[in-house]
Amino acid sequence: MPVVSFNFSTLKKLTMKKLLVIAVAIFFCFSVIAQTTINRDPEIEKMVSEVSKDSLQSYIKKLVSLGTRNTLSTQTDPARGIGAARNWVLNRFNEFARQSNGRLSAFIDTTTLQPDGRRVDVPLLLGNVVATLKGTDPNDNRIFIISGHLDNMRTNVMDRMGDAPGADDDGSGTAAVLECARIMSTHSFPATVIFVAVSGEEQGLLGANYMAEKAKKENWNIEGLLNNDIMGSNNSNETNIINNTKIRVFSEGLSVLDTGRNAQNVRNLGLENDGKARQLARYVKETGERYVDNLEVVMVYRNDRFLRGGDHTPYVLRGFAAVRFTEMNENYYHQHQDVRLEDGIQYGDLPGFIDFEYLRKNTCMNLCNLANLAKSPSMPQEVKIDTKKLTNFTNLSWKAPKSGKVKGYYVLLRETTSAVWQKKFFIADTKMDLPYSKDNYFFAVQSVSEEGNESLPVVPTPAGR
Ligand SMILES: [Zn+2]
């Protein structure tokens, strides 16, 4: 085996140019090592450790005990129906508000709907239960939302009388929303976080439509919405696969805003995998896997599953970045089914089918993402890539974010065929030259806070066009 000997006289023989090459090589080795180190923000790590299986179980038990939460069910019975469910969630939010130093406030946001000839057959008072944890930075108007749906259904979606437990669909998502609110309300964040238990999902995404339309009209700066729907059970009914180490994040590639010149740009630059929702999904995967052990976030490159809809879609359709979390395998004996025993098969969405350890991990994944986003500075501005010259390098520049204190920036790089970012370079400056060809890689830039919380990434715009 050859031994490399290295002494001072050898060193002197090296030209400055060679020394420079060695220095650059050492720098990149360290960059790669730094990239594989897990840096957890201690505050977020602590919050994640507070997510409790017992809390999640108690929320679902209570929701199931209300008999049905069908959107058309009673709103006057204090112990049964959607009205009781809304009030119970509101009371939990109000309890959490008391520990929030006045930052968390909650209410039931109602609207009246008329029969629509589809899934609403009577005039209906629809209500989303909304808790807002106001951001502490007056210059920061960003909003991050976690959503789950409170309502549920029997086999017949119009059946408002019979029992419908809805433990997983969507007791699981509602429980995740409540648990994140419980823990995050004792902390403060520069950006605003909204926790919402939506109604009318099964009746046609009514509550989410109402809220997304309001957000659009009022110009809310929603930078990310995490929709949780069916994320607490671990098995498939056909293939008997049991898996509680993976959760899916569904995201669309192209945004509804990608039309006209925008769409032309997407085509020219090959950015069909870099739309807002897809960037959010990529971020969620990286951050989720950083903070939650034994959990893989699996990106699915489509907005939703076949034959199903979700509350993220009304936001997606209005140009907001929104994604859906759903368990890795689904058991259709348990979804949208009357509780019954038939041919030896137990049908119905019962609490006994929830894997609370899995639900805990999935809730942690939501929480660390919301916290990391809400703690981060806003995104860097005017991120540009110099495309004026034919070179094998990449020259990026950007401006400081509108809000938040930055320690510096991450420049992200990935091959054009890679699903995830492969390299991450930290720099305190607002420009960076990289010895990688702009033709062969995708790039993006994130703002980074003192504690290491990253903003969502911004894909550079070609400069000089
Ligand atoms: Zn659902």
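About the thresholds
- Residues numbered from 1 in each chain as written.
- Predicted model: local features only at pLDDT ≥ 70, side-chain atom pairs only at ≥ 80, totals over all residues.
- Heavy atoms only, no water.
- Buried < 20%, exposed > 50% of the residue type's maximum accessible area, 1.4 Å probe, protein only.
- Helix = DSSP H or I, 4+ residues; strand = E, 2+ residues; numbered from the N terminus.
- Pairing = 2+ DSSP bridges.
- Right-handed = clockwise from strand over helix to strand, strands pointing away.
- Axes fitted to C-alpha atoms, helices over the stretch in contact; angles between N-to-C directions.
- Parallel < 35°, antiparallel > 145°, perpendicular 65-115°, else oblique.
- Left-handed = near helix turned anticlockwise from the far one by under 90°.
- Contact = heavy atoms within 4.5 Å.
- Nonpolar A, V, L, I, M, F, W, Y, C, P; charged D, E, K, R; others polar.
- Expected span 1.5 Å × (residues − 1).
- Polar contact = N/O pair within 3.5 Å; in protein donor to acceptor, adjacent residues only side chain to side chain.
- Core = buried A, V, L, I, M, F, W, Y, C linked by side-chain atoms within 4.5 Å.
- Donors = N, O, S within 2.8 Å, 3.2 Å for Na, K, Ca; no water.
- Tetrahedral: all angles 85-135°; square planar, octahedral: opposite > 155°, others 65-115°.

Undergrad: Before we go on, may I ask you to explain the pairing of strand β4 (residues 192-198) in this structure?
TA: Consecutive side chains of a regular strand alternate in pointing toward one face of the sheet and then the other. With seven of seven residues buried, β4 lies mostly within the body of the structure. In β4, alternate side chains face the same way, and those of Thr192, Ile194, Val196 and Val198 on one face and Val193, Phe195 and Ala197 on the other are all buried. The pairing of strand β2 (residues 124-133) with β4 spans five bridges and is classified as antiparallel. Counted as the bridge partner of Leu133 is Val193 from β4. As paired strands, strand β3 (residues 142-149) and β4 are joined by seven bridges and run parallel to one another. Across the sheet, the residue bridging to His149 is Val198, located in β4. Taking the sense of rotation as the criterion, the β-α-β connection linking β3, helix α6 (residues 171-184) and β4 turns out right-handed.

Undergrad: Explain the packing of α6 against helix α11 (residues 356-375) here, please?
TA: In a packed pair of helices, the relevant descriptors are the angle between the two axes and the axis-to-axis distance. Packing of α6 against α11 brings their axes to within 9 Å, and their N-to-C directions diverge by 50°. Between α6 and α11, the angle is such that the two are oblique. Both α6 and α11 take part in a crossing whose hand is right-handed. On α11, the residues touching Ser172, Ala176, Glu179, Cys180, Ile183 and Met184 of α6 are Leu359, Thr363, Asn366, Leu367, Leu370 and Ala371.

Undergrad: Please clarify how the packing of helix α4 (residues 53-65) against α11 should be interpreted in this entry.
TA: Where α4 contacts α11, the two axes come as close as 9 Å, and the packing angle between them is 105°. Between α4 and α11, the angle is such that the two are roughly perpendicular. For the pair α4 and α11, the contacting residues are Lys53, Leu56, Gln57 and Ile60 in the first and Phe356, Glu357, Leu359, Arg360 and Thr363 in the second. Tallied by class, the residues present in the contact of α4 with α11 amount to four nonpolar, two polar and three charged.

Undergrad: What's the story with the pairing of strand β6 (residues 246-250) in this structure? I'm lost.
TA: Most of β6 is tucked away, with four of its five residues classed as buried. Relative to strand β7 (residues 296-300), β6 is paired through five bridges, and the arrangement is parallel. Residue pairing across strands places Phe250 opposite Val300, the latter belonging to β7. Here four bridges tie β6 to strand β8 (residues 322-327), and the two strands are oriented antiparallel to one another. Each residue of the ladder has a partner; that of Ile247, found in β8, is Glu327.

Undergrad: Looking at this structure, how should I read the sheet that holds strand β12 (residues 394-399)?
TA: The strands making up a sheet associate through backbone hydrogen bonding, with each pair oriented either parallel or antiparallel. The strand order across the open sheet formed by four strands is β15-β12-β11-β17, and the pairing between neighbours is mixed. Both edges of this open sheet fall to β15 (431-434) and β17 (461-463), since each of them pairs with a single strand only. Pairs of neighbouring strands in the sheet enclose a mean axial angle of 30°, with direction left out of account. Here strand β11 (residues 381-386) pairs with β17 via three bridges, running parallel. Counterpart to Ile385 in the pairing with β17 is Pro462.

Undergrad: Sorry, what's going on with α11 here?
TA: Owing to its 3.6 residues per turn, the α-helix aligns residues three or four sequence positions apart on the same side. Between the first and last C-alpha of α11 there are 28 Å, a value that for 20 residues agrees with the 28 Å anticipated at 1.5 Å per step. Counting buried residues along α11, 18 of its 20 residues qualify, which places the element largely inside the surrounding structure. With a side-chain oxygen positioned 3.1 Å from the backbone nitrogen of Glu357, the residue opening α11 is Asp355.

Undergrad: I would appreciate a short explanation of the nonpolar core in the present structure.
TA: Here is a general trend for soluble globular proteins: nonpolar side chains tend to be buried in one another's company. Counting 71 residues, the largest nonpolar core has Val89, Phe93, Met184 and Phe195 as its most contacted members. Considering each element in turn, this core owes the most residues, 11 residues, to α11. Other than its neighbours up to four places away in sequence, Met184 contacts Met47, Leu133, Phe189, Val193, Phe195, Leu367, Leu370 and Ala371. By size, the runner-up hydrophobic cluster in this structure holds 16 residues, among which are Val130, Val196, Leu225 and Phe320.

Undergrad: Mind showing me how you'd approach the coordination of the zinc ion here?
TA: Around a metal, the ideal angle is 109.5 degrees if four donors adopt a tetrahedral arrangement and 90 or 180 degrees if six donors adopt an octahedral arrangement. Each protein donor to the zinc ion is listed here as His149 (NE2), Asp169 (OD), Asp229 (OD) and Asp229 (OD); together their distances run 2.0 to 2.6 Å. One can describe the site at the zinc ion as irregular: its four donor atoms subtend angles covering 54 to 146° at the metal. As a motif over one chain, the donors of the zinc ion read H-x19-D-x59-D. In this pair, His149 is assigned in strand β3 and Asp229 in the loop between β5 (221-228) and β6, connecting sequence segments 80 residues apart. Of the residues examined, His149 reaches a relative accessible area of 0% and is grouped as buried. Residue class for Asp229 comes out buried when judged on its relative accessible area of 2%.

Undergrad: Would you mind going over unusual backbone geometry with me for this structure?
TA: Most peptide bonds are trans, and most residues other than glycine sit at a negative phi. Residue Asp170 follows Asp169 across a cis peptide bond; omega there is 0°. As for its position among the elements, Asp170 is in the loop between β3 and α6. In this model, Leu205 sits at a positive phi of 55°, which is unusual for a non-glycine residue. Tracing the chain through its elements places Leu205 in the loop between β4 and α7 (206-217). The class of Leu205 is buried, set by a relative accessible area of 17%. A positive phi is found at Asn294, a non-glycine position, where the angle reads about 60°. Looking at the element boundaries, Asn294 is found in the loop between α9 (276-291) and β7. The exposure class of Asn294 is exposed, given its relative accessible area of 62%.

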